[in-house]
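# Coordinate analysis (summary)
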Amino acid sequence: MAYDSNNIFARILRGEAPCHRVYEDTATLAFLDVMPQSDGHTLVLPKAAAENLFELDDEAAAAVMRTGKRVALALREAFRPDGLTVMQFNGADAGQTVFHFHLHLVPRYAGQPLRSHGRGMADGALLAEQAARLRTLLGS
Ligand code: 5GP
C-alpha cells in the first residue's frame, strides 16, 4: 500500500494538526498519545515518511530507537512507573490504526491493567501539563 501523506501523524509532522510535544530533533518527533493506555503513553515517530517497519530505512530506525530510549528515561523519572512496555504494530491485521511508523512507549504500574488501545480521550489540560514536565526533563 502506498504511504498516505494525509494520515494524522503526517499532518502533525507538518504542523497541520496539534500534538502535546515531548521531544523533537531533526529526525524524530515524540508526543503524548491522546488516548493513553496508561499515564505517560508516548509515541515516537521518524520524520521521514514510512508506513511501517518494513518501509523504515536504517537511519530512521536508529534515530527512532535513540529517541525512544531518551524519552523512556524521562518517562521513568517523571512518572516513576514500575516498568515500561514498548509496542509497535505493522498492518491493520496486527493492530495498526495510523499508517506512519511509530513506537509506543507505555509506562506500566503494578496492579494496573492497560486501558484499551485507541479509545478514551485524555483530558487536554492534563496532557499539556505532562508534556511540559517531560520537555523540561529532556531539555527540549
Ligand atoms: P497504532 O494502532 O497505529 O499503533 O496506534 C495509533 C495510536 O495513535 C493510538 O494509540 C491512538 O490512541 C493514537 N492516536 C490516534 N489519533 C491521534 C491523534 O490525533 N493524536 C495523538 N497524539 N494520538 C493519536
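This text gives an overview of the structure that appears in the document. Since we're looking at a predicted model, the values are computed, not measured. (Residues numbered from 1 in each chain as written. Predicted model: local features only at pLDDT ≥ 70, side-chain atom pairs only at ≥ 80, totals over all residues. Heavy atoms only, no water.)

### Side note on the side chain of Q130
- Along the chain, Q130 turns up in helix α3 (residues 124–138).
- A relative accessible area of 6% places Q130 in the buried class. (Helix = DSSP H or I, 4+ residues; strand = E, 2+ residues; numbered from the N terminus. Buried < 20%, exposed > 50% of the residue type's maximum accessible area, 1.4 Å probe, protein only.)

### Points about the site of the ligand
- Around the ligand lies a shell of 18 residues, among which D33, T97, V98, H104 and H117 are the nearest.
- Contact between the ligand and G95: an oxygen atom at 3.0 Å from a main-chain N or O atom of the residue.
- Measuring from an oxygen atom of the ligand, one finds a backbone N or O atom of V98 at 2.8 Å.
- For the ligand, the accessible surface in isolation is 520 Å², of which the surrounding protein chains cover 91%.
- Put simply, the parts of the chain that give the shell around the ligand at least two residues each are α1 (8–13) and β2 (28–32).
- Its residues assigned to classes, the shell around the ligand shows 10 nonpolar, 7 polar and 1 charged. (Near = heavy atom within 4 Å. Polar contact = N/O pair within 3.5 Å; in protein donor to acceptor, adjacent residues only side chain to side chain. Areas by Shrake-Rupley, 256 points an atom, 1.4 Å probe, with all protein chains shown as cover. Nonpolar A, V, L, I, M, F, W, Y, C, P; charged D, E, K, R; others polar.)

### Quick look at the pattern of salt bridges
- With the rule as written, the count across this model stands at 5 salt bridges.
- With a shortest N-O distance of 3.3 Å, R115 and D39 are connected by a salt bridge. Within this pair, whereas R115 is found in the loop between β5 (103–108) and α3, its partner D39 is found in the loop between β2 and β3 (42–46), the two being separated by 76 residues in sequence.
- Its relative accessible area of 40% is what places R115 among the partly exposed residues.
- In this structure, R133 engages E129 in a salt bridge whose closest nitrogen and oxygen atoms are separated by 2.8 Å. One end of the pair is R133 and the other is E129, both in helix α3 and 4 residues apart, which spans about a single turn.
- Classification of E129 as partly exposed rests on a relative accessible area of 37%.
- One salt-bridge network, in which partners are shared between bridges, spans R11, R14 and E16. (Salt bridge = Lys/Arg side-chain N within 4 Å of Asp/Glu carboxyl O.)

### Description of the packing of aromatic side chains
- As enumerated under the stated definition, the model contains 1 aromatic pair in all.
- Here R133 stacks its cationic end above the ring of F79, 5.3 Å away from the centre of that ring. (Phe/Tyr/Trp six-rings, centres within 6.5 Å; stacked < 30°, edge-to-face > 60°. Lys NZ or Arg CZ within 6 Å of the ring centre and 35° of its normal.)

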